Amino acid sequence: MLKKKGEEMLKIKELKCEHLKNPAGIGKRNPIFSWILESDRKNTFQAACQVKVCEENELIWDSGRMETDCSIACVYKGPELKPLKSYQWSVTVWDDQGDSAEADAGFITARFDRPWKASWVEPEQEPAYGQKGDFHDVGATMGVHTDLRGLDDYKGFQPVQYLRIPFEVKKPVKHAFFCATAHGVYEIAVNGIAPDDRLLAPEISSYHKILQYQVYDAAGLLREGKNVISVKLGDGWWTGRVGCMGNACQFGDTTAFLMEGQIEYEDGTTDHVLSDDAVSSTGPLLVADLFVGEKYDARKELDGWETAEYDDSSWKPVKKAEYPYDNLQAQAGTPIRIIRSFTPKAVFTDGNGDTVIDMGQNIAGFLSFTVDAPAGNVIRMEHAEVLDKNGCFCKNIMGANKDQMDVYITKDGRQTYQPCFTYHGFRYVRLTGWPGTPKTEDFTAHVVSTDVEDIGSFETSDPKINRLQKNIWWSQVANTTGIPTDCPQREKAGWTGDVTVYAPTMCFLRDEEEFLTRWLGNCRAEQQEHGEIPTVVPFLQCYKEINTYYGSDTSCGWGDVIVSVPWNLYMAYGNRDVLKENYGAMKKWMQYVQHCAENEMPEGYEAFDENRKERQKYLWNTGFHYGDWLVPSMLKDNRDDMAMINTAYATKEVVAPAFYAYSTNLMSRIAEVLGEKEDCRYYKELNAKVRQAFEAEYIDSDGHIKSDMQGIYVLALKNDLMSEELRPKVVRRLLEKIEENNGCLDTGFLSVPFIMDVLTENGCKDAAYRLLWQEKCPSWLYEVNNGATTMWESWAAVREDGEIEKHSFNHYAYGCVGDWMYRELAGIKAEEAGYRRIRIEPSYDCGLEYVKGSLKSPYGLIRVSWKKDNTWSGKDNAADPETESRKSVSLEVAVPANTSAVVVLPDGQECRVGSGVWKWQQETKVRVK
Ligand code: BGC
């Protein structure tokens, strides 16, 4: 291919430092660099690269030309990086076709171990009400309605604190980096302008061990003379109400702030701006609770308080507080932001006479509005996810957080309100107190999430399947706000089991590498003395109390997150560091599991024969576990509050040993990747013993497994818990169980992610498709048919009789079929970690007319699109003319530079290709749906 003048054949895109584009706050001494290559030529590989790093135009590291094809993890090996410095880096790449390219980017370092000059400060305030960890606080026990509609009912809530830190800039500024964090949540501005658009800083983490501070580049916002930093400080996760019960004060009962600004003048001298010098006041935000919502009185606005000229002589000085610094870690990672805003779909009056705003989509976020009003109007917005059977506004959520409400008291004139320290899970808003007739254009819905990039796209000829993938995306967005959460309304909690189940899909849809890697740091921080990984991370006090009730801080499947998620991340993004970083914690977790298996014996142990006694030490079959949580048949039409937990009790004995097998298998693979040969052998052997013990203990010679539930068969097959001889019988029993259940799945949290793979891999593709196309309850399309716009916690959240259950309508767990659809229907599979080698193997016979799927892998965009052409080759030659036929299929595949792919063509032949766009048209056997 000839190069035209001025045209480069090779391009370098997406330069990242520690998986981030131009990050501020890099805390690693040896960060890694990565980039994506694009070439106009086919079959292109990187032959060599060279990385250079500069500190203020001065070269500090030159890697020299490295003959390597590695483009996803080049480690910085130059001199020690300095704290709070801006660095520029560049990479030159030579490919194997004789082309080369160069590109550059930047990063700003964290404080590293530089001591803070600034003090923690507390504004004068009443402590928030609610003892730390008080299980029955605020009258908000499970199911009890705390109606906050009366204006004076916010007992124990404290107003937002407004802080000002005036300072002088004396000379022309070269650099200015401000570091800030809070006990609570804060918003900062420099001379009235926010240095970035993040929300809810410092976000949630395991505060006692990890409290993120943010690094702001503020040079552009300063001016010579008088300046001011202004800060709003709210309750957040520190003092606010959290969890199902609405417990307050999980970390403390007062809010605090810490900030240090470092100004470097052009003449080389420096100045510091410190939180110590802050003064504080209260203002219009009377209440700002993350869950409950805000109450804002516009009549109390502090006009001009964010300007340097404002007279703050009546404000009070803050007091210094003794809080630790050793838990502080810079947040270089992607912040929470508004990621999308749109006008609601409709405003209507429901059968109860209530004015209801419909977003048209269930979201996590908030609603802003503009209104013309006289002073003193009390506008209330109550948020909920569904309408009741009769189309009326209803609060379906159990627990304290059903009352998600924002209250705004108007000032005079045209005004806009947008909440800042809360977010809700909602589709509908009941509106009261609006002056005149509300119109959709008066409102804007804002979607809030950690603002990572979408990397997947998926479209088929079936609109319902497309809606399902969309719903999965929406639930992921709603539940990746700082940490992976279970749901955005009731709990906003880092339930670990939900992540175990959903992480593979999560990694397909959005670039969650840095996000999940960061959260794993919290998992390590929360690992208990004996190796338990808690069921909720960060492990809030209120969840510790729930666990005390159940008698365990962890559970199978939930704690296994420490093994499965690093593995999922490694497979999706190809970086071994995540395995290395978590390896110690994984081993500690496995030791805990092994200890339980070896030392805690099931009831009746004394009477077991010797063989049975002997194998107990390989079975993790005691203690509390959530097991195959929420088995649909046990919940369906069962409104007993105990129904949910009964699913745990009914399945835990068999699910826990299956997960012991799951994690020992992964451990042997992880140890192999890390070159830990001895460990690899050890876990392989242990895994074999666990599997044998399971078969002997739980599987009958006819393939029946104890508890005889669908999910158990799925887990047994997934983890090879039976001999090859028994396998067909177990598969048969699973198919029977599906048949007995009306052709519907009956899998709980821990087995549902595997059911489609297990069926596909055991020669039962038909059964898998049947589950996918199924529309009866429970099924994925049942939800779609019932108007779902997100994934539900329970399949029957809308019952067949139209009644609404008190489950969440925004739990991503059952969205775990998402990655199967990418892998099976579009056929995008990683043959090597990070898609360095790809397998493209679409299911042309799945019954769809076309599928288009793409994934932006760490090497670039993988794209597959296949389509049945309109030409039939006739039914005569089909094996079963009722369900099968032959059809011509066009296939187009794009393979990124620096990778290769094996493509399974419509005629079944395999073809190995390098990078570039490839097209085929062939006949294949197809299913008639
Ligand atoms: C959460 C789940 C979680 C479960 C534990 C629920 O309240 O919402 O998603 O995993 O508890 O079993």
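Residues numbered from 1 in each chain as written. Predicted model: local features only at pLDDT ≥ 70, side-chain atom pairs only at ≥ 80, totals over all residues. Heavy atoms only, no water.

Lining the immediate surroundings of the ligand are Asp486, Arg490, Glu491, Trp495, Asp498, Trp558, Tyr626, Trp629, Phe749, Glu793 and His811. Contact distances for the ligand include 2.5 Å between an oxygen atom and a side-chain N or O atom of Glu491. Between the ligand and Trp629, the relevant distance is 3.3 Å, taken from an oxygen atom to a side-chain nitrogen or oxygen of the residue. Coverage of the ligand by the protein amounts to 94% of the 310 Å² it exposes when considered alone. Among the residues making up the shell around the ligand, the classes are represented as 5 nonpolar, 1 polar and 5 charged. (Near = heavy atom within 4 Å. Polar contact = N/O pair within 3.5 Å; in protein donor to acceptor, adjacent residues only side chain to side chain. Areas by Shrake-Rupley, 256 points an atom, 1.4 Å probe, with all protein chains shown as cover. Nonpolar A, V, L, I, M, F, W, Y, C, P; charged D, E, K, R; others polar.)

Strand order in the open sheet made by the 4 strands is 34-35-39-40, with mixed pairing throughout. The open sheet is flanked by strand 34 (828–830) and strand 40 (910–913), the only strands paired with a single partner. Mean inter-strand twist for the sheet, computed between neighbouring axes without regard to direction, equals 25°. Relative to strand 39 (residues 900–904), strand 35 (residues 837–840) is paired through 4 bridges, and the arrangement is parallel. Counterpart to Ile840 in the pairing with strand 39 is Val903. (Pairing = 2+ DSSP bridges. Helix = DSSP H or I, 4+ residues; strand = E, 2+ residues; numbered from the N terminus. Axes fitted to C-alpha atoms, helices over the stretch in contact; angles between N-to-C directions.)

Scored by pLDDT, the chain has a mean of 93; 94% of the residues are at 70 or more. Under a pLDDT of 50 for its full length, residues 131–151 has, in the predicted model, 61 contacts with residues more than four places off or in other chains. Across residues 873–878 the pLDDT falls below 50, and counting only partners more than four positions away or on other chains, this stretch makes 10 contacts in the model. (pLDDT = per-residue confidence, 0-100. Contact = heavy atoms within 4.5 Å.)

The next point concerns the nonpolar core. Ranked by size, the top nonpolar core spans 223 residues in total, and within it Trp620, Trp780, Met821 and Leu825 carry the most contacts. Ranked by the residues each element gives to this core, the list is headed by helix 10 (residues 643–673), at 16 residues. Leave out the neighbours within four places in its chain, and Met821 touches Phe458, Ile465, Leu468, Gln469, Ile472, Leu772 and Ala826. If you look at the next biggest cluster of nonpolar residues, it comprises 26 residues, including Ile188, Phe257, Met259 and Val273. (Core = buried A, V, L, I, M, F, W, Y, C linked by side-chain atoms within 4.5 Å. Buried < 20%, exposed > 50% of the residue type's maximum accessible area, 1.4 Å probe, protein only.)

What follows is about the packing of aromatic side chains. In total, this model carries 53 aromatic pairs according to the counting rule given. Plain terms: the ring middles of Tyr310 and Trp315 are 5.8 Å apart, the flat faces sit at 75° to each other, and that makes the pair edge-to-face. The exposure classification of Tyr310 matches that of Trp315, with both residues buried. For Lys42, the ring lying beneath its charged end belongs to Trp918, and the centroid distance is 3.9 Å. In this arrangement the basic side chain of Lys492 is found over the ring face of Phe291, its NZ or CZ atom lying 4.1 Å from the centre. (Phe/Tyr/Trp six-rings, centres within 6.5 Å; stacked < 30°, edge-to-face > 60°. Lys NZ or Arg CZ within 6 Å of the ring centre and 35° of its normal.)

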